[in-house]
Amino acid sequence: MYSSNRIAYWMSDKKLQKINWKEFEKICIKYNFEIFKLDLNKSLESQGPFNVFLHKLTDIIALENQGDPKSSHIIKAVECYISEHPSIIVIDPIPNVRRLLARYQCYSIIHATGLHKYGIFTPNFCEITSYDKEKTIQQLKDANVRYPFICKPLLGHGSKKAHEMCIIFNEKYLKDCRAPCVAQTFINHNAILYKIFVIGQQFYFVERPSLKNFYESDRKTICFASSDISRANSQSSLSVLDPEDISVQEIKPNPKILQKIAETLRLAFEMDLIGIDVVIENSTGKYGIVDVNAYPGYDGFPNLYDALLQCIISKVNNKNQITDCMISNDNPSNIVLNHLNNT
Ligand SMILES: O=P(O)(O)O[C@@H]1[C@@H](O)[C@H](OP(=O)(O)O)[C@@H](OP(=O)(O)O)[C@@H](O)[C@H]1OP(=O)(O)O
Ligand SMILES: Nc1ncnc2c1ncn2[C@@H]1O[C@H](COP(=O)(O)OP(=O)(O)O)[C@@H](O)[C@H]1O
Ligand SMILES: [Mg+2]
């Protein structure tokens, strides 16, 4: 049992408390898995061996991204250990998490999936690289980003700043774009957001509050922190529909389409633990993917930890099958080799 069923994990204490991790430890013990928290400040070699590494390292990766030497040292040590022990199952692989953290790259991956065939899209987006007004106008035009649009920080996770955004309604206030950032066309969706939580092949979705409908106008930029908008009990004035929008009929989400989104993005990002924010566009009924998160909160996910352990077990089994297959594939080639040697 020692090395074949040993899970190392790392998450911040805040995250561990929030998701009631003790429950998961109990389930692991019940199913004969040993589980322990990796100490990132100690030699990893001395804490091994383990065959699964489960983590939420987004904050540290984000700090590494901003040039923090300590974070960079930690992530390098983890990556080095993983590359020296390629049989470890990492949930989720660090390069894939990195790709997800960069909003522009993240939207580009969604855009390339071909989901548009199913009435699913990611709103038009572009990177705003400077405070040069003419250049910004050209970048928006090239990507067909329309007013109003949302400016989102390039890095999508790991700090308060990553969630500070603004909505820009016209050319006059383009100066409010906090370059460098991603600009994304605002999609009117009657202030309802769907969060899809993915754990391997299982998914679940919940309804959350979101931003009210906005239209191109001469109004000033609106700034907001996304954490005030789409948390389960958020009550922002930006989520209260204007009287003329109240009669817009609510479109109920089709679980089959949400499943298609979950399955496609899991494969596209090559990640098992993701959260996907989806809005349904009022005017077309199309499904717009506006955000993807690594290892989200899973608030409301039924039997969360059974699902998580099931995901781990199926990955361990898959890996064992591949290893068995490699061992048995060895035999025929050995026979051929022996045969050749004997002739
Ligand atoms: O920002 P969102 O889309 O509401 O999702 C957040 C987000 O993933 C957040 O992570 P981070 O950006 O702070 O790293 C998660 O925080 P925790 O790691 O503390 O759980 C939230 O749980 C996400 O919210 P949700 O689970 O509602 O998608
Ligand atoms: N393109 C968009 N159109 C309309 N509303 C959006 C769009 N993008 C984001 N939102 C709203 O803004 C909130 C925050 O944006 P999001 O990209 O999810 O940022 P974060 O990474 O901070 O969660 C979403 O929960 C949603 O309410
Ligand atoms: Mg979000």
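About the cut-offs
- Residues numbered from 1 in each chain as written.
- Chains lettered and ligands numbered in written order.
- Predicted model: local features only at pLDDT ≥ 70, side-chain atom pairs only at ≥ 80, totals over all residues.
- Heavy atoms only, no water.
- Phe/Tyr/Trp six-rings, centres within 6.5 Å; stacked < 30°, edge-to-face > 60°.
- Buried < 20%, exposed > 50% of the residue type's maximum accessible area, 1.4 Å probe, protein only.
- Helix = DSSP H or I, 4+ residues; strand = E, 2+ residues; numbered from the N terminus.
- Near = heavy atom within 4 Å.
- Polar contact = N/O pair within 3.5 Å; in protein donor to acceptor, adjacent residues only side chain to side chain.
- Areas by Shrake-Rupley, 256 points an atom, 1.4 Å probe, with all protein chains shown as cover.
- 1 Å grid on protein atoms, 1.4 Å probe; cavity = no way out; pocket = protein on both sides within 12 Å on 5 of 7 lines; lining within 4 Å.
- Sits in = over half its atoms within 2 Å of the grid points.

You'll find the protein entered in an unreviewed UniProt entry as Inositol-tetrakisphosphate 1-kinase, with Holotrichia oblita given as the organism.

Chemist: How should the packing of aromatic side chains be read in this particular structure?
Modeler: Given two aromatic rings, one states the distance between the centres and the angle between the planes to describe the pair. Scanning the entire structure with this criterion turns up 17 aromatic pairs. Between Phe 50 and Phe 53 the ring centres are 6.4 Å apart and the planes differ by 55°, which places this aromatic pair in the tilted class. The class of Phe 53 is buried, set by a relative accessible area of 1%. Centre to centre, the rings of Tyr 204 and Phe 301 are 5.9 Å apart; their planes meet at 55°, and the pair counts as tilted. Within this pair, whereas Tyr 204 is found in strand E11 (residues 202-209), its partner Phe 301 is found in the loop between strand E14 (287-294) and helix H9 (304-342), the two being separated by 97 residues in sequence. What makes Tyr 204 partly exposed here is its relative accessible area of 30%.

Chemist: How do you make sense of the site of ligand 1 when you look at a structure like this?
Modeler: Residues in contact with ligand 1 amount to 19 residues; listed here are only the nearest, Lys 56, His 157, Lys 195, Asn 293 and Gly 297. One nitrogen or oxygen atom from the side chain of Lys 14 is found 3.5 Å from an oxygen atom belonging to ligand 1. Between ligand 1 and the protein, one listed contact pairs an oxygen atom with a side-chain N or O atom of His 157 at 2.7 Å. Protein coverage of the free-state accessible area of ligand 1, which is 560 Å², stands at 91%. Under a 2 Å grid-point criterion requiring more than half of the atoms, the pocket assigned to ligand 1 is the largest pocket. Broken down by secondary-structure element, the contributors of at least two residues to the shell around ligand 1 are helix H1 (13-18), helix H3 (58-65), strand E10 (192-199) and E14.

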